[in-house]
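So you can see what is in the structure, the chains are spelled out below.
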Amino acid sequence: MLRAQNVVKCYAGAERPAVDHVDLQVGAGEFVSIVGRSGSGKSTLLHILSSLIRPDSGSVFFRGRDICSAPESLRNRLRHRDFAVVFQQRHLLPYLSALENVLLPFMDGFTPVGAERLETGRGLLRRVGLEGKEASRPGELSGGEQQRVAIARALIRGARALFADEPTGSLDYATGESVMELLGGLNAEGLTIIMVTHNEEFAGRTGRVLRMSDGRII
Ligand SMILES: Nc1ncnc2c1ncn2[C@@H]1O[C@H](COP(=O)(O)OP(=O)(O)OP(=O)(O)O)[C@@H](O)[C@H]1O
Ligand SMILES: [Mg+2]
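Figured I'd write up the structure that's included with this text. (Residues numbered from 1 in each chain as written. Chains lettered and ligands numbered in written order. Predicted model: local features only at pLDDT ≥ 70, side-chain atom pairs only at ≥ 80, totals over all residues. Heavy atoms only, no water.)

Topic: the nonpolar core
Next up, step 1: Leu125, Val149, Ile151, Leu155, Leu162 and Leu183 are the most contacted members of the largest nonpolar core, which totals 34 residues.
Next up, step 2: At the level of elements, strand E6 (83-86), helix H3 (98-103), helix H4 (115-127), helix H5 (143-155), strand E7 (161-165), helix H6 (173-188) and strand E8 (192-196) are the ones that each hand at least two residues to this core.
Next up, step 3: The greatest single-element share of this core, amounting to six residues, is contributed by H5.
Next up, step 4: Non-local contacts of Leu125, meaning those with residues more than four positions away in its chain, are made with Ala98, Leu99, Val102, Leu130, Glu131, Glu134 and Val149.
Next up, step 5: Core analysis: the next-biggest nonpolar cluster, separate from the first, contains 27 residues, Leu2, Val19, Val26 and Cys68 among them. (Core = buried A, V, L, I, M, F, W, Y, C linked by side-chain atoms within 4.5 Å. Buried < 20%, exposed > 50% of the residue type's maximum accessible area, 1.4 Å probe, protein only. Helix = DSSP H or I, 4+ residues; strand = E, 2+ residues; numbered from the N terminus. Contact = heavy atoms within 4.5 Å.)

Thoughts on the site of ligand 1
Next up, step 1: In the neighbourhood of ligand 1, the contacting residues comprise Tyr11, Ala18, Arg37, Ser38, Gly39, Ser40, Gly41, Lys42, Ser43, Thr44, Glu166 and His198.
Next up, step 2: Separating an oxygen atom of ligand 1 from a side-chain N or O atom of Ser43 is a distance of 2.9 Å.
Next up, step 3: Here an oxygen atom of ligand 1 sits 3.3 Å away from a polar atom, N or O, in the side chain of His198.
Next up, step 4: For the shell around ligand 1, a count of residues per class yields two nonpolar, seven polar and three charged. (Near = heavy atom within 4 Å. Polar contact = N/O pair within 3.5 Å; in protein donor to acceptor, adjacent residues only side chain to side chain. Nonpolar A, V, L, I, M, F, W, Y, C, P; charged D, E, K, R; others polar.)

With respect to unusual backbone geometry
Next up, step 1: Despite not being glycine, Arg63 has its phi angle at roughly 50°, a positive value.
Next up, step 2: Positionally, Arg63 belongs in the loop between strand E4 (57-62) and strand E5 (65-66).
Next up, step 3: The residue Glu166 is not glycine, and still its phi comes out positive at about 50°.
Next up, step 4: On the secondary structure map, Glu166 appears in the loop between E7 and H6.
Next up, step 5: Of the residues examined, Glu166 reaches a relative accessible area of 15% and is grouped as buried.

Some remarks on the sheet that holds strand E3 (residues 31-36)
Next up, step 1: Pairing within the open sheet is mixed, and its six strands lie in the order E6-E7-E8-E3-E9-E10. The outermost strands of the open sheet, each flanked by one partner alone, are E6 and strand E10 (216-217).
Next up, step 2: Running over the sheet, helix H1 (residues 42-49) touches E3, E6, E7, E8, strand E9 (208-213) and E10 and is turned about 155° from E7.
Next up, step 3: Here helix H2 (residues 72-82) sits on the sheet and contacts E6 and E7; the angle it forms with E6, its principal contact strand, is near 75°. (Pairing = 2+ DSSP bridges. Axes fitted to C-alpha atoms, helices over the stretch in contact; angles between N-to-C directions.)

The following block contains the structure:
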């Protein structure tokens, strides 16, 4: 599904590349974790794979197509439709309800969200275990519940691949555990997941662990 080839990214002014000649392949339906010390390049690699940033050199192929040299319009479409991204900081809007946060990708500020999409949003909230919390605002939800809202929102457009950067990073063990269970369930239903984590135990439960050091996969 996704293949990175010789990917290099060096931030301006840095002595060494943050991502240094990385090759990897992720098959459809895989659950892959990326671990490594702070600063080893995990987030940078995830951002390149999910087309948030472009590498300096090398390529990323999604379903056989080079998405690094693709025009920004195609990369936008990938980010909006094919890829779901969640971060440690959940980026929920505090004055919107859980359901409204999930439906945010459909909101343009003018047109009301249609009944079908509303139902999709409710269904996703049910899927992540938040039935009955549709009207709650982020401040009324626990950290784990907020992360579930962020995951539901990331998936609202029907993405087949989820990129998660330390989705359990700010959660206590038990709450992180429940988010891992959710991700495991979504993967069992066919979602491809690439997850950065500092938690070796959670990484060990994924199908494959990639270890990064100084920008390389070791
Ligand atoms: N936007 C940026 N501009 C300049 N340098 C950056 C930027 N983002 C990251 N870096 C540098 O690139 C290297 C890799 O950073 P990255 O965030 O990918 O590491 P990480 O493995 O995700 O670390 P952490 O576990 O702390 O999140 C680090 O040396 C970092 O300082
Ligand atoms: Mg990081």
